[in-house]
Amino acid sequence: IQMTQSPSSLSASVGDRVTISCRASQSIDRSLNWYQQKPGKAPNLLIHGASTLQTGVPSRFSGSGSGTDFTLTISSLQPEDFANYYCHQTYSTWWSFGQGTKVEIK
Amino acid sequence: EVQLLESGGGLVQPGGSLRLSCAASGFTFSSYAMSWVRQAPGKGLEWVSSISGNGGDIYYADSVKGRSTISRDNSKKTLYLQLNSLRAEDTAVYYCAKVVYIRNDLVDYWGQGTLVTVSS
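Residues numbered from 1 in each chain as written. Chains lettered and ligands numbered in written order. Predicted model: local features only at pLDDT ≥ 70, side-chain atom pairs only at ≥ 80, totals over all residues. Heavy atoms only, no water.

Overview of the layout of surface pockets
- By volume, the largest pocket amounts to about 430 Å³.
- Together, 24 residues line the largest pocket, and Trp95(A), Ser96(A), Phe97(A), Glu46(B) and Trp47(B) are the ones closest to its centre.
- Listing elements by their share of the lining of the largest pocket, those giving two or more residues are strand S10 (96-97) of chain A together with strand S4 (34-39) and strand S5 (45-51) of chain B.
- Residue composition of the lining of the largest pocket, by class: 10 nonpolar, nine polar and five charged.
- Here the second largest pocket is characterised by a volume of approximately 360 Å³.
- Along the wall of the second largest pocket there are 20 residues; nearest its centre are Asn84(A), Tyr86(A), Gln39(B), Gly42(B) and Lys43(B).
- Every element with two or more residues in the lining of the second largest pocket is listed here: strand S9 (84-89) and strand S11 (101-105) of chain A together with strand S9 (92-101) of chain B. (1 Å grid on protein atoms, 1.4 Å probe; cavity = no way out; pocket = protein on both sides within 12 Å on 5 of 7 lines; lining within 4 Å. Points joined across faces, edges and corners; volume = space filled by probe spheres on them. Helix = DSSP H or I, 4+ residues; strand = E, 2+ residues; numbered from the N terminus. Nonpolar A, V, L, I, M, F, W, Y, C, P; charged D, E, K, R; others polar.)

Quick word on the interface of chain A and chain B
- In this assembly, 20 residues from chain A lie in contact with 21 residues from chain B.
- Around 1700 Å² of area is buried between chain A and chain B when both sides are counted, 63% of it from carbon and sulfur atoms.
- Considering only the side of chain A, the residues that lose the most area to chain B are Trp94(A), Trp95(A) and Phe97(A), jointly responsible for 34% of the buried surface there.
- Taken together, chain A and chain B are joined by zero salt bridges.
- Taken together, chain A and chain B are joined by 13 residue pairs in polar contact (both at pLDDT 80 or more).
- Secondary-structure elements contributing two or more residues to the side of chain A that touches chain B are strand S4 (32-37) and strand S5 (44-48) of chain A.
- Of the residues forming the side of chain A that touches chain B, the biggest block, four residues, is contributed by S4(A).
- Across the side of chain A that touches chain B, the residue classes break down as nine nonpolar, nine polar and two charged. (Contact = heavy atoms within 4.5 Å. Buried area = accessible area lost by both parts, 1.4 Å probe. Salt bridge = Lys/Arg side-chain N within 4 Å of Asp/Glu carboxyl O. Polar contact = N/O pair within 3.5 Å; in protein donor to acceptor, adjacent residues only side chain to side chain.)

If you want it as structure tokens, here you go:
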């Protein structure tokens, strides 16, 4: 299953609303997770099951979608949110990740 | 506290082999599936392999199938990845990942990663 994220990168300001899209090459129901990764660090789980916020993750992060189209939204971008974001499907036992979206400071 | 500590990375020549290890603590190791995920320098995440809690179910990405073997020793709470016939494109940080199922599989804990560099 191929996962395609868009955009590959974006520039935004603190306080902006940011939306990242992820499309699957076939239906994956709601078996979709989102991770944040900062340089030199391991990924950190943000959202699982397409829309469930992981414990401890700020409520400005939200996820939506099902089937083939998914969205990660950051309602009000904070300085600590500048990072790379990856979608991850586990509908198939052979997992796959999106290519990533880099969120940069404008 | 869950901890995953990888080791075994390093510089290896093309065609060579390495065995990566991941020592787990802070959870009942045998109750959870585990996976390896890698990240080439400056690139995205790539799933490598997964193994069920009892080791009975094993899956590999096409990019490593036939060249890699995932295994686990539940008595030692350790996950392994044997990498053979290494190629330059196998150069990456290899992360050990704890898998939990909550309506779908997800990784709730990651190790810090171990770097494998394949070069002559």
